[in-house]
Amino acid sequence: MHRHRRNYLIFFSQCWQNSPLILQFLPERLLCSLHLPTQNILKRRSQKHWQHSRQYPTKPAPIENGLQETLVDRTTEYHGTGPAVHSPYKTIQVIVPSQENRKQLSSKNFTVFVKDSNLALDVTVTDQKQEFSIHLPFLKNLVNVNVDKNEAIRKNGKSGETKSNDKQVNPPKYISSGTVYGCREQKLELDKLPHYYMRLSKIRLTGLVVLTTMAGYGMAPGPFELETLLMCTLGTALTSCSANSINQFLEVPFDSQMNRTKNRVLVCGILSPLHALAFATFSGTMGLMILTLEVNPVTAVLGAFTLGLYTMVYTPMKRLSVANTWVGSVVGAIPPVMGWTACTGVLEPGALLMGAILYAWQFPHFNALSWNLRQDYSRGGYRMMSVVNPAMCRRVALRYSVGMIGLCTLAPVLNVTSWTFAADSLPLNIYLTYLAYRFYKDGDSHSSRMLFMFSLIHIPALLMLMLISKKSFGGRNEDKVKTEDMSVS
Amino acid sequence: MAARLTSQCYLASFRTLRRYKGQLSGKDITLKICEKPTLSTTSTEARENHSKYDWIGPPDPVSNIRRVHFRVSENEAPYERRLREERAKVQEWSHQFWKKHNTSFVQLKGEFIKQKLAKKSASRETTMANITITPDEMSEFYKKFLDDNYEVHKNYNWEWYKKNISLTWLTLKANLLNIITRRNKGNK
C-alpha cells in the first residue's frame, strides 16, 4: 500500500475515532458502502503490507521468566493503527511515575486490558526505564511495552526501532510475571439484544411449551378461533420467557459450575441481573395481562400458577429435595391444560388428561437426560434422582412409561379422542416402554441417551396422533352410526 | 499531552471485536494500561481507571466464578460506591465458597477413586490396565458427596438468594437515583 494513501487512511481513522460515538456504532456494511475506512480495512491493508515485507517468527516465544516490578500511576491509551503496525508486534508505552510519586501507591501491578482482543494482562513491571516485551499467546502477538520516565506517550516510531520486533523475544530479565487471560468489557450491545433475550428466556424450551399449549387448544372440543389461539400462544410464550429468565437470575453461581449452563447470559455477564429481572417482570406482566384480557381468567390463573410454581417452588427445591422432579413435571404438564381452557373456558377431564400425559412424559425424558450429568449435578449441589437415588430414577422412568400406555388408552374413554388413537399410539408407547426397560436394566449412558432422544420424538408424534383422532370431528360420525344402529335395533 | 491522549477514548464496536475473536494473525490492539484493581477496589488509585464499563474476566479455574473488575468513575456517589463494594464482597464470598467446595470435591473424588482401584486390584489378579471404575460406582461417591454437603448448600442457597436480591435492589436504587439526579454514568 502506498505510503501516502496509508497515512491518509490512518489520519482519517484518527479523525473518525474522535467523531461522535454514535457514528462508530454504525454497521460496518454501511461504513463500507460510504467508503469510510472501518477498522477492518485498515487492519487488512496493514497486514497485507506487513506480510509481504516482513518475516515474523512462526513459533511464539514464551512469556515467563525475568519479569520484575515497578509502579504505574496513570491510565494511558494507545492506538495501534499507526505506522508501527507492520508486524504482529504492537508497541505501547506506559507512564512510570517519578521516584517520589511511587511511594504513594500501594499496588505494584497493572492490568492491560486489550479491548480488541478481549484480553487482559496482569503485568508487574520493572523499576528501570527499560523496554520489555510481553507476549500474548492467544494472538501470537507480541506487545512491546516501553517504560518511559518522561510521562509522555509516544507511538513507537518505526517498526524497526525496537529490538524485539524482528526476532524471537529475548526473555526480558526485568518483568517478573505476567498472566494473560480473556476479559470482556461489559458493554451492552443493543443490536444483539433480541438474541440475548432469546437466550435468557431459553427460547427452545419456550417454543416446546408453546407447541404443547397449541396442541391443548387443538384438542379441546370448542370452536376454533384463530385470534384466541394466537393470544393464548403469545401469552404463554411471554409467561414462559419470564419464568425462565427468573430461573436464570436466581441460579447464576450454580449455572457457572455446570458445563451445560456455564455459557448462559447472566453467567457470562452479558446482561446484568437487574436487566434480566426487568425483562422477566415486563414479559410476565404482559403475558399474564394478555391471558387475562384476551383469553380468559382461568388460563391466566393457570399461567400465574405455573410461573409461581416454577420460580418460587421448583428452582429452590432443585437444591433441597428430590421431589423437585415431580414439581417440575407439574410445571410441564400445565401448558396443554392452559391451551384447553383457552378454548373451552373450563377445566374438564379431557384437559386434565392432556396434562397427565405431559406429566407422565416428563419422567422418562428428564431422568434419561439427567443420567449423564450426574457429576455436574453432584458438584453443583443439585439434588436429582439420578444422583441421589439412581435405582429410583430408572424405576420411575419405567413406571411412567408404562403409565403412558394406560393414559393413552384412557383418552377415548374420556371422549377426547377416538379409539384409533389408542391403537396407533400403542407402538410409540410400547417402544418408549421398551427403551425405558432397557434403561432400567442397563442403566448406562447409551440406554439413557436412546431414551432421551426417543422421548423428543415421542411427544410431538403423540400429540399429532391425538390431533388427527380428535373426537369432535373424527369420532362424531362413528358415534352417530352407533346410535343409529342401536335405535334401529 | 497526556490529557489529550486520554481523551481519545476508543470504544470498539463489539461486532468488530467478535469478528476478530477467533483470528490469530496480527491485528491492531487498543491497549489500555491502568492500575490493576483489587477485588475490593476501595483504594484511591482505582479512580484512575478511565474505562467506562466494568470488565468481566474468565471463570476462575477452581471456583468457576467470573471476576469482575469494577469501574470507578470520577464523581462516584456514595450509593454507587456502596453498590460497587457490595458487589465485590458478594463476588469474593461466592468465589471463596466455590473454591473451597470444588477443591474438596476434587480431593475427595481422587481419594475415592484410589480406594476403589486399590480394592479392585487387591481382589483380582488382573493387570492395572484392565481396572476401571464404572459410572455406577462413581455415582456412589456423587451421592455421598451431595448428602454430606446438604447443610452447606442449604445455607449457601439461602444466603445467595438474600444477597442477590439485595444487590439487585441496590442496583435499582442506584440507577434510579442516577436518572433522577441526571448523572451520566453510562453503566447499568
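The structure presented is a predicted model; accordingly, all values stated were derived computationally and were not measured.

### Details of the overall build of chain A
- If you tally the helices and strands in chain A, you get 20 helices and eight strands.
- Looking at chain A residue by residue over its 489 residues, the buried ones come to 57%.
- The contacts in chain A between residues at least 6 apart in sequence include a share of 72% that link residues at least 24 apart.
- Of the roughly 21400 Å² that chain A leaves accessible, carbon and sulfur atoms contribute 63%.

### Overview of the overall build of chain B
- Within chain B, the regular secondary structure consists of five helices and three strands.
- Written out in order from the N terminus, the α and β elements of chain B read α-α-β-β-β-α-α-α.

### Details of the packing of aromatic side chains
- What the rule picks out here adds up to 24 aromatic pairs over all chains.
- Judged by centre distance (6.1 Å) and plane angle (75°), the rings of F254 of chain A and W98 of chain B are edge-to-face. Of this pair, F254 of chain A sits in helix α9 (residues 252-257) while W98 of chain B is found in helix α3 (residues 78-123), placing the two residues in two different chains. Take F254 of chain A and W98 of chain B: they sit in the same class, and that class is buried.
- For the pair W326 of chain A and F363 of chain A, a centre-to-centre distance of 5.4 Å together with 55° between the ring planes defines the contact as tilted. With W326 of chain A in helix α12 (residues 324-344) and F363 of chain A in helix α13 (residues 349-371), this pair connects stretches of sequence that are 37 residues apart.
- By relative accessible area, which is 0% here, F363 of chain A ends up buried.
- An aromatic cluster of at least three residues, connected via ring pairs, comprises F254, Y377 and Y382 of chain A together with W93, F97, W98 and Y156 of chain B.

### Let's talk about a nonpolar patch on the surface
Residue and element names in this part refer to chain B.
- Together, W169, L172, L176, L177, I179 and I180 make up an exposed nonpolar region whose accessible area comes to about 620 Å².
- Relative to the helices and strands, I180 resides in helix α5 (residues 150-180).
- Overall, the relative accessible area of 64% leaves I180 in the exposed class.

### Some words on the side chain of N157 of chain B
- In this structure, N157 of chain B sits in helix α5.
- Excluding residues that lie within four positions of it along the chain, N157 of chain B makes contacts with F254, R319 and L320 of chain A.

### Points about the nonpolar core
Residue and element names in this part refer to chain A.
- Judged by nonpolar contacts, the single largest core of 97 residues is most densely connected at L271, I357, Y377, L462 and M466.
- Ranked by residue count, the leading element in this core is α13, at eleven residues.
- With residues up to four places along the chain from it excluded, the contact list for L271 reads L188, L193, Y196, Y197, L200, V265 and L266.
- Grouped together as the second largest cluster of nonpolar side chains are eight residues, L309, Y310, Y314 and V327 included.

### As for the confidence of the model for chain A
- Here chain A averages 71 in pLDDT, and 59% of its residues register 70 or above.
- Contacts from residues 474-484 of chain A, a stretch scored under 50 in pLDDT, to residues over four places away or in other chains number four contacts.

### Notes on helix α8 (residues 226-250) of chain A
- In this model α8 of chain A runs 36 Å from its N-terminal to its C-terminal C-alpha over 25 residues, within 8% of the 36 Å that 1.5 Å per residue would give.
- With 19 of its 25 residues buried, α8 of chain A lies for the most part within the structure.

### Structural notes on unusual backbone geometry
All names here are of chain A.
- The backbone phi angle of K202 is positive, close to 45°, even though this residue is not glycine.
- Tracing the chain through its elements places K202 in the loop between α6 (193-200) and α7 (203-219).
- You can call K202 buried: its relative accessible area is 16%.

### Regarding the UniProt feature "transmembrane region" (unreviewed entry) in chain A
Residue and element names in this part refer to chain A.
- Taken from the UniProt record, the annotation "transmembrane region" (unreviewed entry) applies to residues 265-291, 297-314, 326-347, 353-373, 402-422 and 450-468.
- Within residues 297-314, the helical portion is 100% and the strand portion 0%, while the C-alpha atoms at the span's ends are 24 Å from each other.
- Within residues 450-468, the helical portion is 100% and the strand portion 0%, while the C-alpha atoms at the span's ends are 27 Å from each other.

### Observations concerning the sheet that holds strand β8 (residues 184-185) of chain A
- Across the sheet, which stays open at both edges, the three strands sit in the order β8(A)-β2(B)-β3(B) with antiparallel pairing between neighbours. Both outer strands of the open sheet, β8 of chain A together with β3 (66-69) of chain B, are each paired with one neighbouring strand and no more.
- One ladder, built from two bridges, connects β8 of chain A with strand β2 (residues 55-59) of chain B; its direction is antiparallel. Across the sheet, R184 of chain A pairs through a bridge with I56 of chain B, a residue of β2 of chain B.

### Let's talk about the pattern of salt bridges
- Applying the stated criterion across every chain yields a total of 15 salt bridges over all chains.
- Here the residues in one salt-bridge network are R383 of chain A together with K143 and D147 of chain B, joined through shared partners.

### Things to note about the environment of M138 of chain B
Residue and element names in this part refer to chain B.
- As for its position among the elements, M138 is in helix α4 (residues 135-148).
- In this structure the C-alpha to C-alpha distance between M138 and I113, which are 25 residues apart in sequence, comes to 8.1 Å.
- Leaving out residues up to four positions away in the same chain, M138 has contacts with K109, F112, I113 and I133.

### Considering the confidence of the model for chain B
All names here are of chain B.
- Summing up the model confidence of chain B, the mean pLDDT is 71 and the portion of residues at 70 or higher is 65%.
- The least confident element of chain B is helix α1 (residues 2-6), whose mean pLDDT is 31; the most confident is α5, at 93.
- Scored below 50 in pLDDT, residues 1-50 makes 163 contacts in the model with residues more than four places away or belonging to other chains.
- If you check the scores for this complex, the pTM reads 0.68 and the ipTM reads 0.71.

Analysis parameters
Throughout this description, residue numbers start from 1 for each chain and increase along the sequence as written. Chains and ligands are labelled by the order in which they are written, letters from A for the one and numbers from 1 for the other. Local features in a predicted model are, by the rule used here, given only for residues with pLDDT of at least 70; side-chain atom pairs are given and counted only at 80 or more, and totals for whole chains, interfaces and linings are based on all residues. To obtain the side-chain values, all non-hydrogen atoms of the structure were included, while hydrogens and water were left out. To qualify as a helix, a DSSP run of H or I must reach at least 4 residues; to qualify as a strand, a run of E must reach at least 2; elements of each kind are numbered from the N terminus. Whether a residue is buried, partly exposed or exposed follows from its accessible area with a 1.4 Å probe, protein chains only, as a fraction of its type maximum: under 20%, in between, or over 50%, in that order. Residue contacts are defined here by distance: any two heavy atoms, one from each residue, within 4.5 Å place the two residues in contact. For every accessible area listed, the method is Shrake-Rupley and the probe measures 1.4 Å; residues are considered covered only by the protein chains on display. Only the six-membered ring of Trp is used, alongside the rings of Phe and Tyr, when aromatic pairs are assigned; centres must lie within 6.5 Å, and planes under 30 degrees apart are stacked while those over 60 apart are edge-to-face, with the rest tilted. Any residue with relative accessible area above 30% and no salt bridge may belong to a patch, with like charges joined within 9 Å and the nonpolar Val, Leu, Ile, Met, Phe, Trp and Tyr side chains within 5 Å. Here, a salt bridge means any side-chain nitrogen of Lys or Arg that lies within 4 Å of a carboxyl oxygen of Asp or Glu. Take the buried residues of types Ala, Val, Leu, Ile, Met, Phe, Trp, Tyr and Cys, join any two whose side-chain atoms come within 4.5 Å, and each joined set is a nonpolar core. Across the chain, each position has a pLDDT score giving the predictor's confidence in that residue, from 0 to 100. Working rule for helices: expected span equals 1.5 Å times residues minus one. UniProt positions are given in the numbering used here, feature names are shortened, and annotations may be inferred rather than shown by experiment. Strand pairing requires that DSSP identify at least two bridges connecting the strands.

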